[in-house]
Each structure stands twice: as structure tokens, then as C-alpha cells.
Amino acid sequence: MWYQLKAMLVDYVKCTTDIRKHYSFLKILDTNMSAKLHQQLDRNQELHDLIRRYKDRLARVRKHKITITYDLKDQRQFYQDTFIKQRDRFNKEYAHDRSQLTLLTVESNACMKWLENLADKQERILKIAEICRKMETEQEKVCPFPDSITSQSIEDNKSAGSSDPLIQIFHDFQDLELFWLRVGEADKKRMEMTEYRDLLVLENHYLHHSLQHYLAGLPQLQVPSILQEYYARDKSLCRYKYG
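### So, the overall build of the protein
Inference 1: When its secondary structure is counted, the protein shows 6 helices and 0 strands.
Inference 2: When the helices and strands of the protein are listed from N to C terminus, the series reads α-α-α-α-α-α.
Inference 3: Looking at the protein residue by residue over its 243 residues, the buried ones come to 9%.
Inference 4: Contacts spanning at least 24 positions in sequence make up 49% of the contacts within the protein whose residues lie at least 6 apart.

### So, the pattern of salt bridges
Inference 1: Within this structure, the stated rule accounts for 5 salt bridges.
Inference 2: A salt bridge links Glu 46 to Arg 43; the shortest N-O distance between them is 3.9 Å. Remark: Arg 43 and Glu 46 occur in helix H1 (residues 2–135); sequence separation between them is 3 residues, near one turn of the helix.
Inference 3: A relative accessible area of 48% places Glu 46 in the partly exposed class.
Inference 4: The partly exposed category is assigned to Arg 43, whose relative accessible area is 47%.

### A few points about the nonpolar core
Inference 1: Counting 5 residues, the largest nonpolar core is built from Leu 199, Tyr 206, Val 223, Leu 227 and Tyr 230.
Inference 2: Elements supplying a minimum of two residues to this core: helix H5 (177–216) and helix H6 (225–233).

### What about a nonpolar patch on the surface?
Inference 1: On the surface, Trp 2, Tyr 3, Leu 5 and Met 8 cluster together into a nonpolar patch covering about 550 Å² of accessible area.
Inference 2: Since its relative accessible area comes to 46%, Leu 5 is described here as partly exposed.

### Overview of the confidence of the model for the protein
Inference 1: For the protein, the average pLDDT comes to 78, and 75% of its residues sit at 70 or higher.
Inference 2: Taken element by element, the predicted model of the protein shows its lowest mean pLDDT in helix H3 (residues 151–159) (51) and its highest in H1 (87).
Inference 3: Below pLDDT 50 for its whole length, residues 239–243 participates in 16 contacts with residues either more than four positions away or in separate chains.

Quick notes on the rules
- Residues numbered from 1 in each chain as written.
- Predicted model: local features only at pLDDT ≥ 70, side-chain atom pairs only at ≥ 80, totals over all residues.
- Heavy atoms only, no water.
- Helix = DSSP H or I, 4+ residues; strand = E, 2+ residues; numbered from the N terminus.
- Buried < 20%, exposed > 50% of the residue type's maximum accessible area, 1.4 Å probe, protein only.
- Contact = heavy atoms within 4.5 Å.
- Salt bridge = Lys/Arg side-chain N within 4 Å of Asp/Glu carboxyl O.
- Core = buried A, V, L, I, M, F, W, Y, C linked by side-chain atoms within 4.5 Å.
- Patch = residues over 30% accessible without salt bridge, like charges linked within 9 Å, V, L, I, M, F, W, Y side chains within 5 Å.
- Areas by Shrake-Rupley, 256 points an atom, 1.4 Å probe, with all protein chains shown as cover.
- pLDDT = per-residue confidence, 0-100.

Structure follows, in C-alpha cells:
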């Protein structure tokens with residue numbers, strides 16, 4: 001009985017040896033697979049956490065972009081409104097400046113025309129004054145106002161409320177008294193020099209003809225009466241004896 005049981009046990013061990021080997025292989029394989037599965041699960045968990053973090057980051061970025069987009073839209077609207085206001089203001093100022101420039105141009109043309117007319121009047125006044133100066137007498141050239149009009153008489157007439165045009169003219173030109181005196185003195189000297197030049201020309205002609213008569217043996221010519229009168233007034237200028 002014991003030997004039968006022992007033989008059966010030996011047969012059982014022999015029969016299950018391959019099964020145990022296969023079981024050990026499967027166990028090792030299962031252990032490896034479990035380890036790989038745990039690694040894959042850890043990897044999946046890490047990837048899941050990474051994906052979640054990226055999703056959170058993406059949500060924050062989207063939210064930030066939306067905020068930036070709204071800010072840019074607000075800024076764009078603000079700059080657009082400001083540009084429209086500035087453009088309208090510049091257009092109004094341009095229209096105002098254009099109207100002012102047009103008005104200034106019209107007034108400038110009018111002023112230039114008035115100045116041209118004034119220059120023409122001044123030229124006519126100067127021409128008339130020159131003609132009047134040519135028609136003045138020697139006494140008027142020396143003193144343009146009558147000697148009878150004095151400052152005392154002007155003050156008296158002024159205090160009495162006189163409206164004499166001549167006195168009024170003298171009063172208007174009272175500040176130019178020294179100027180007129182100088183002008184009169186210069187004209188007097190000019191007239192004297194002109195008279196002396198004419199006398200020199202006449203004397204030159206007389207001496208020329210006298211020399212011709214002397215060379216021809218003719219009697220000496222008589223001195224012109226104008227030279228006699230002039231040299232009679234100023235003995236220092238007499239160069240020769242009258243014949």
C-alpha cells in the first residue's frame with residue numbers, strides 16, 4: 001500500500017513537472033507584464049497630469065489672449081475716436097485758417113493798392129513841390145514865410161482863436177524853420193555860384209576876343225557893363241583895368 005502510494009506520488013511529480021515549469025514561466029511572464037503594466041500606468045498617469053497641466057496652461061493663455069484682445073479692441077476704439085476728433089478739429093482749423101488767409105490776401109492786396117496810390121500821390125506832390133520851388137522868388141527861397149509873422153503874433157492869434165490859414169500853415173511848419181533856413185542858404189549859395197559861373201564864362205569870352213583884337217592890332221574892346229558892375233561891387237575880384 002505504501003509502495004503504491006509512493007509510486008503514485010512519483011508518477012504525479014513526473015506528470016506535473018512540465019506543468020510546474022510552464023506555470024513558473026507564466027508566473028515570471030505575469031510578473032514582468034505586471035511590472036510593465038505598472039510602468040505603463042505610471043506613464044499614463046504622468047501623461048495625464050501633463051495633459052491636465054497643458055490644458056490648464058492653454059486655458060490661462062486663452063484667457064490672457066482674450067483679455068489682451070479686449071484691451072487691443074478698446075485701444076483701437078480709443079485711438080480711432082481720437083483720430084476722428086483730431087481730424088475734425090484739424091479740418092475746422094484748416095477751414096478757419098483758409099478763410100483767414102483769404103481775408104489776409106484781400107486786405108494785403110487792398111493795402112498794396114493803397115500804398116501804390118500813396119506812392120503815386122507822393123510822387124505827384126514831389127513834382128508839384130519841385131515846380132513850386134522853381135517858381136519861388138529869391139525872398140521866398142531864403143525865408144519861406146513872411147517876416148511879419150512872428151511867434152508872438154502866432155501865440156496872440158492862437159490865444160484869440162484866429163483861423164488865419166497862413167498862420168496855421170506857419171504853425172504846422174514851425175518845427176521845420178531851421179530846415180527851411182538851411183535850404184534857403186544853400187539855394188542862395190547856389191544862385192551866387194551860378195551867377196559867378198556865368199560871369200566867368202562872359203569874362204572868358206571877353207578875354208578871348210580881346211586877345212584876338214590885340215594880336216590883330218585892333219583897339220581894345222570895351223568891358224561889358226555886367227562885368228563892370230560885378231567887379232565894382234567886389235574890387236578883390238578885378239583882374240584887369242577897364243579900357
